[in-house]
There are 2 protein chains.
Amino acid sequence: MSRLQDALTRADANLDAALERLFALLRFPSISTDPAHAGDVNAAASWLVDELASLGFAAELRPTAGHPMVVAHWRGAPGGRRVLFYGHYDVQPVDPLSEWRSDPFEPRIETRDDGSKLIRARGASDDKGQLMTFLEACRAWIETAGAPPVDVSIMLEGEEESGSPSLTPFMEANRDELKADLALICDTGMWDARTPAITTMLRGLMGEEIILHGPSRDLHSGMYGGPAINPIRVLARILADLHDENGRVTLPGFYDGVPEVPPEIAAQWARLDFSAERFLGEVGLRAPAGEKDQPVLNQLWARPTCEFNGILGGYVGEGFKTVIPARASAKVSCRLVGDQDPHAIREALRAHVRARLPEDCTVEFVEHGASRASVMNAALPAFEAARQALSDEWENEAAFIGGGGSIPVAGHFQRILGMESMLIGFALDDDAIHSPNEKYELRSFHKGIRSWVRILERLA
Amino acid sequence: MSRLQDALTRADANLDAALERLFALLRFPSISTDPAHAGDVNAAASWLVDELASLGFAAELRPTAGHPMVVAHWRGAPGGRRVLFYGHYDVQPVDPLSEWRSDPFEPRIETRDDGSKLIRARGASDDKGQLMTFLEACRAWIETAGAPPVDVSIMLEGEEESGSPSLTPFMEANRDELKADLALICDTGMWDARTPAITTMLRGLMGEEIILHGPSRDLHSGMYGGPAINPIRVLARILADLHDENGRVTLPGFYDGVPEVPPEIAAQWARLDFSAERFLGEVGLRAPAGEKDQPVLNQLWARPTCEFNGILGGYVGEGFKTVIPARASAKVSCRLVGDQDPHAIREALRAHVRARLPEDCTVEFVEHGASRASVMNAALPAFEAARQALSDEWENEAAFIGGGGSIPVAGHFQRILGMESMLIGFALDDDAIHSPNEKYELRSFHKGIRSWVRILERLA
């Protein structure tokens, strides 16, 4: 048998043990946005260091101003070629907890009527299951060939779900150590359950919290209603004014730097088997709600958005309380494309808010991350090599696709480390990654491991 | 000494014991909107029945479809004249609990630097402290003269803070039993700390909850942002469109039945020592936010409003979660005046919402009460008699004033029982009745008892 075949066979034989390892990682409630879970985030990181060390990596827990970074190196492969793998071990919050049908941090395998299996847990898909596909691929190589086919460095972050505040300082402080020939990022999805994909275009992100303060305390609306300013009313106006009737964002300069989709990409997208009805239908929707003059795939991959992710003010318990609240707040995020500048857009948003602030309201802004969009250089030979490896494993042609989400680290790799990134992942659209009942297909986990086994060989 | 003087002296001597009785009532967390507190609501009602029975009233706990009604009668006074006293023993929720400086259900006396004292607890002012002023006045008369100067019936409700769903069915079912010559309602305030008042004009209320449903589950805004409808965005537009730039409500027909303030009332209001700066300044505000062409007292007492009492959608915890929520909701209430019809206005609000609903959103409406505005017949001799009694007790001319809040029971008494109501209470604007740290002045409690002692005598 070939070395590749040996490694693939080992990956198959290891599957049950690999699942046990993944379950151990999933049991840590490593919610990075919640200070109450800081200890759990740290414990997940330590577990990963031990895991990598036991494989033979030089692995360390590296402190940052926030949650620690896991860094590991395997050096000495022939050829001297080196890849840097990135993943994250923190997870999204789990609320509303009542909507979970099982404990989000007690992973389990569920079997569907058709016999297919899935892994149910918070983080199963985003991103613990995905990052473990790569670690298990390294294991299969190490256990059969004694080493991965290329040198491998690994950087696993614990703050991806909270805006990655420590990521760029860490990269800047450890430039020489981290620089490699290529970055591999496993935090994206397949095109569909049959079609593997390499994501070559990603939207950026600007997150901002707007907190309005009105009266010095909650007021009785009977006693003060009329003359007293109501912060919810002010907030509703501010948010309503952010889009026009065609779904375009009204902030001045918002569309500066937004490019047209290049004709060859548009042509490739047109050939994809994409149905807006099916895509929206899966989540109970029918009518595309974005910019009216844009096709749905453009709305999703190539156009910027401004979304309201949370809003809160006044009495929200059972029943009714006729209160005029002292405060109201909203979490707003913009997905960015092309050369849109997240800092300029944050300033435009703040100016929009201030311009609509009545005399008796004050505003507090809280930054929640800023990253530019990125476009990968898919012309590099590594991209075609990886595409071949994916096509071999899934017995279906792999696609170069756009991505609606933001994976800022790809842009940082380009800017700080001068290194291209290849985004490959095995998540599916229905993985519910930021919702209750997150899952990861067992098939994604198994064939994901096998895919990385093949890709590592092709990159050598 | 006169009979009146005897009763007043007894009221003074009873004060410490009266406070103990009030504290016992305040310790029940009788939050009527919260099903978890149903047992506490019931316990408060039973306590009041025992209290009234021990005074010699024929007192009963009367079941309704919701929380029970406390009904008590004292019959046999010479002259056969009878008053019906109304109060409520349920209280507002206490959230945010973290803003209370002491346990809301462990009442205590606090002393200010100037020596004045206050009673701190949820319900101290709204309405347990107020209703106990009347019960203690009855006690002073019964303990000195053997009976109140007029026959007294008492009806204490347990659902006032949750829209009074059982109130009108109960009145309709017990018309003959409840009908009296005059209703007395103790759920309003003084004009200021020196000036007692009889409220002769009250705004009505229409409460409605709007729940919008969009996608079938919370979505990742990176994966779906753009094409997927965002219910928060739809809700912001709906709320923002409810007022124009002059602070007027835009619902068609909203101002139908809104009268001009009669010149004589406007003249009386102009003579009141009212300062918009002071009124708003107490709660940290400066600029009146109601209809631009209306004086502040009109905004407060004579003009209708549409307020947003609560809003909720998406991720509202710490940090950030880039979710497109499955739902968003708002609690909206309108204060009504003149002949405004709460049912017509509810329909206009629902039509306003439906007209702004995109194809992919559905709406659910939840009713939270409807009452028309009411204007009392202040020309009745009882009003002037009570005004004299109040002026005597407070050694300052009592005023006939308007009220911004809604006390639907006054309208029901007119409509169902054909009976006028006199609204007299001793709350102050800074009692924080629907907010954390509610209080009632000890002076309001003491002089409130004495005021009712005098009013009962004047009504005989």
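Residues numbered from 1 in each chain as written. Chains lettered and ligands numbered in written order. Predicted model: local features only at pLDDT ≥ 70, side-chain atom pairs only at ≥ 80, totals over all residues. Heavy atoms only, no water.

**Things to note about the packing of helix α8 (residues 231–240) of chain A against helix α8 (residues 231–240) of chain B**
Helix-helix packing is described using two parameters, namely the angle between the two axes and the distance between the axes.
Next, step 1: At their nearest, the axes of α8(A) and α8(B) sit 8 Å apart, and the two run at 115° to each other. Every pair of crossing elements has a handedness; the one defined by α8(A) and α8(B) is left-handed. On the side of α8(A), the interface is formed by I232(A), A236(A), R237(A), L239(A) and A240(A), while α8(B) contributes I232(B), A236(B), R237(B), L239(B) and A240(B).
Next, step 2: Split by residue class, the contact of α8(A) with α8(B) holds eight nonpolar, no polar and two charged. (Axes fitted to C-alpha atoms, helices over the stretch in contact; angles between N-to-C directions. Helix = DSSP H or I, 4+ residues; strand = E, 2+ residues; numbered from the N terminus. Left-handed = near helix turned anticlockwise from the far one by under 90°. Contact = heavy atoms within 4.5 Å. Nonpolar A, V, L, I, M, F, W, Y, C, P; charged D, E, K, R; others polar.)

**Digging into the relation of the copies chain B and chain A**
Next, step 1: Screw-axis analysis of chain B against chain A gives a translation of 0.0 Å along the axis, an RMSD of 0.1 Å, and a rotation angle of 180°. Both chain copies can therefore be described as sitting about a two-fold axis.
Next, step 2: Both copies contact each other with a shared surface, as 100% of the interface residues of chain B are interface residues in chain A too. (Least-squares fit on C-alpha atoms with pLDDT ≥ 70 in both.)

**Looking at the domain arrangement of chain A**
All names here are of chain A.
Next, step 1: Examined at the domain level, chain A breaks down into domain 1 (3–202 + 373–459) and domain 2 (204–258 + 304–370).
Next, step 2: For domain 1 versus domain 2, the distance between C-alpha centres works out to 35 Å.
Next, step 3: Contacts between the two partners involve six residues from domain 1, matched on the other side by seven residues from domain 2.
Next, step 4: Summed over both sides, the interface between domain 1 and domain 2 buries roughly 440 Å², with carbon and sulfur atoms accounting for 49% of that surface.
Next, step 5: In this assembly, domain 1 and domain 2 are joined by zero residue pairs in polar contact (both at pLDDT 80 or more).
Next, step 6: A breakdown of the residues in the side of domain 1 that touches domain 2 according to their chemical character gives two nonpolar, four polar and no charged. (Domains from an automatic or database assignment. Buried area = accessible area lost by both parts, 1.4 Å probe. Polar contact = N/O pair within 3.5 Å; in protein donor to acceptor, adjacent residues only side chain to side chain.)

**Regarding the environment of E157(B)**
All names here are of chain B.
Next, step 1: Along the chain, E157 falls in strand β6 (residues 151–157).
Next, step 2: If we skip the residues at most four places from it in the chain, E157 touches M69, Y86, G87, H88, Y89, D90, S164 and L167.
Next, step 3: Separated by 2.4 Å, the side chains of E157 and Y86 make a polar contact.

**Concerning the sheet that holds strand β5 (residues 117–120) of chain A**
Residues and elements named next belong to chain A.
Next, step 1: Strand order in the open sheet formed by three strands is β4-β5-β18, with antiparallel pairing between adjacent strands. Two strands bound the open sheet, and with one partner strand each, they are β4 (108–111) and β18 (439–441). Going from strand to strand, the sheet's axes swing by 30° on average, the running direction of each strand aside.
Next, step 2: When β4 meets β5, the two strands line up antiparallel, connected through four bridges. Of the residues in β5, the one forming a bridge with R108 is R120. (Pairing = 2+ DSSP bridges.)

**Overview of helix α1 (residues 3–13) of chain A**
All names here are of chain A.
Next, step 1: Along α1, the positions that sit buried rather than exposed are L4, A7, L8 and A11. For α1, the buried positions fall inside an angular range of 100° around the axis, keeping them on one side.
Next, step 2: For α1, the secondary structure elements touched by its buried residues are α2 (15–26), α4 (128–145) and α15 (442–459). (Buried < 20%, exposed > 50% of the residue type's maximum accessible area, 1.4 Å probe, protein only. Arc of directions from axis to C-beta.)

**Thoughts on helix α4 (residues 128–145) of chain B**
Residue and element names in this part refer to chain B.
Next, step 1: The end-to-end C-alpha distance of α4 is 26 Å, a good match for the 26 Å that 18 residues give at a rise of 1.5 Å each.
Next, step 2: Summarising burial for α4: 15 of the 18 residues are buried, a large majority.
Next, step 3: Within two residues after α4, G146 carries a phi angle of roughly 85°, on the positive side. (Expected span 1.5 Å × (residues − 1).)

**Some words on the environment of C334(B)**
Residues and elements named next belong to chain B.
Next, step 1: Relative to the elements of secondary structure, C334 occurs in strand β13 (residues 327–336).
Next, step 2: Using a relative accessible area of 0% as the deciding quantity, one classes C334 as buried.
Next, step 3: Separated by 130 residues in the primary sequence, C334 and G204 have C-alpha atoms spaced 8.0 Å apart.
Next, step 4: Setting aside chain neighbours within four positions, we find C334 in contact with G204, L205, M206, F254, T305, C306 and I345.

**Quick notes on the pattern of salt bridges**
Next, step 1: Considering all chains together, one arrives at 68 salt bridges over all chains under this definition.
Next, step 2: E110(A) is paired through a salt bridge with R108(A); the nearest N and O atoms lie 3.1 Å apart.
Next, step 3: Since its relative accessible area comes to 19%, E110(A) is described here as buried.
Next, step 4: Overall, the relative accessible area of 37% leaves R108(A) in the partly exposed class.
Next, step 5: Between E438(B) and R122(B) there is a salt bridge, with the nearest N and O atoms lying 2.6 Å from each other. Placement of E438(B) in the loop between β17 (421–424) and β18 (439–441) and of R122(B) in the loop between β5 (117–120) and α4 is noted, with a sequence separation of 316 residues between them. With respect to class, E438(B) is no different from R122(B); both count as buried.
Next, step 6: Within the structure, one salt-bridge network assembled from shared partners comprises R10(A), R21(A), E51(A), E136(A), R139(A) and E143(A). (Salt bridge = Lys/Arg side-chain N within 4 Å of Asp/Glu carboxyl O.)

**Things to note about the packing of aromatic side chains**
Two aromatic rings are characterised by how far apart their centres lie and by the angle between their planes.
Residue and element names in this part refer to chain A.
Next, step 1: All chains considered together, the criterion is met by 28 aromatic pairs over all chains.
Next, step 2: With a centroid separation of 5.7 Å and an interplanar angle of 70°, the aromatic rings of F57 and W74 are classed as edge-to-face. On the criterion of sequence distance, the pair formed by F57 in the loop between α3 (38–55) and β1 (58–62) and W74 in strand β2 (residues 69–74) is long-range, its members being 17 residues apart. With respect to burial, F57 and W74 carry one shared label: buried.
Next, step 3: Note on Y86 and F413: the rings are 6.4 Å apart at their centroids and 80° apart in plane angle, and the pair reads as edge-to-face. Of this pair, Y86 sits in strand β3 (residues 82–88) while F413 sits in helix α14 (residues 408–417), and the two are 327 residues apart along the sequence. With respect to burial, Y86 and F413 carry one shared label: buried. (Phe/Tyr/Trp six-rings, centres within 6.5 Å; stacked < 30°, edge-to-face > 60°.)

**Notes on the sheet that holds strand β9 (residues 204–213) of chain B**
Next, step 1: Taking strand neighbours across the sheet as the criterion, the eight strands line up as β14(A)-β9(A)-β13(A)-β11(A)-β11(B)-β13(B)-β9(B)-β14(B) in an open arrangement whose pairing is antiparallel. Across the chains shown, the open sheet's two edge strands, defined by having one partner strand only, are β14 (362–371) of chain A together with β14 (362–371) of chain B. Taking each pair of neighbouring strands and ignoring which way they run, the sheet shows an average axis angle of 20°.
Next, step 2: By the bridge criterion, 10 bridges tie strand β9 (residues 204–213) of chain A to strand β13 (residues 327–336) of chain A in an arrangement that is antiparallel. Following the sheet pairing, E208(A) is matched in β13(A) by V332(A).
Next, step 3: In this fold α8(A) packs onto β9, β11 (305–314) and β13 of chain A together with β11 (305–314) of chain B, with an angle of close to 15° to the strand it touches most, β13(A).

**A short note on the pairing of β6(B)**
All names here are of chain B.
Next, step 1: For β6, a buried count of seven out of seven residues is recorded, marking the element as mostly surrounded by other parts of the structure.
Next, step 2: Both strand β2 (residues 69–74) and β6 contribute to a ladder of five bridges, which runs antiparallel. Its bridge partner being in β6, V70 is matched across the sheet by L156.

**Some remarks on unusual backbone geometry**
All names here are of chain A.
Next, step 1: Following D126, the chain continues to D127 via a peptide bond in cis, the omega torsion being 10°.
Next, step 2: Relative to the helices and strands, D127 resides in the loop between β5 and α4.
Next, step 3: Unusually for a residue other than glycine, S164 sits at a positive phi of about 50°.
Next, step 4: Considering the arrangement of structural elements, one finds S164 in the loop between β6 (151–157) and α5 (167–173).

**What to know about the interface of chain B and chain A**
The figure often quoted for interface size is the accessible area lost as the parts come together.
Next, step 1: Facing the 87 residues of chain B at the interface are 87 residues of chain A.
Next, step 2: At the boundary of chain B with chain A, total buried surface from both sides reaches about 7,900 Å², with 56% on carbon and sulfur atoms.
Next, step 3: Area buried by chain B at its contact with chain A is led by P227(B), R233(B) and F320(B), which between them contribute 11% of it.
Next, step 4: Seen at the junction of chain B and chain A, the total is four salt bridges.
Next, step 5: In this structure, R286(B) and E359(A) form a salt bridge, with 3.5 Å as the shortest nitrogen-oxygen distance.

**A few points about the side chain of S102(A)**
Next, step 1: Take S102(A): it is sitting in the loop between β3 and β4.
Next, step 2: Contacts of S102(A), omitting those with residues within four sequence positions, involve R108(A), E110(A), R120(A) and N437(A).

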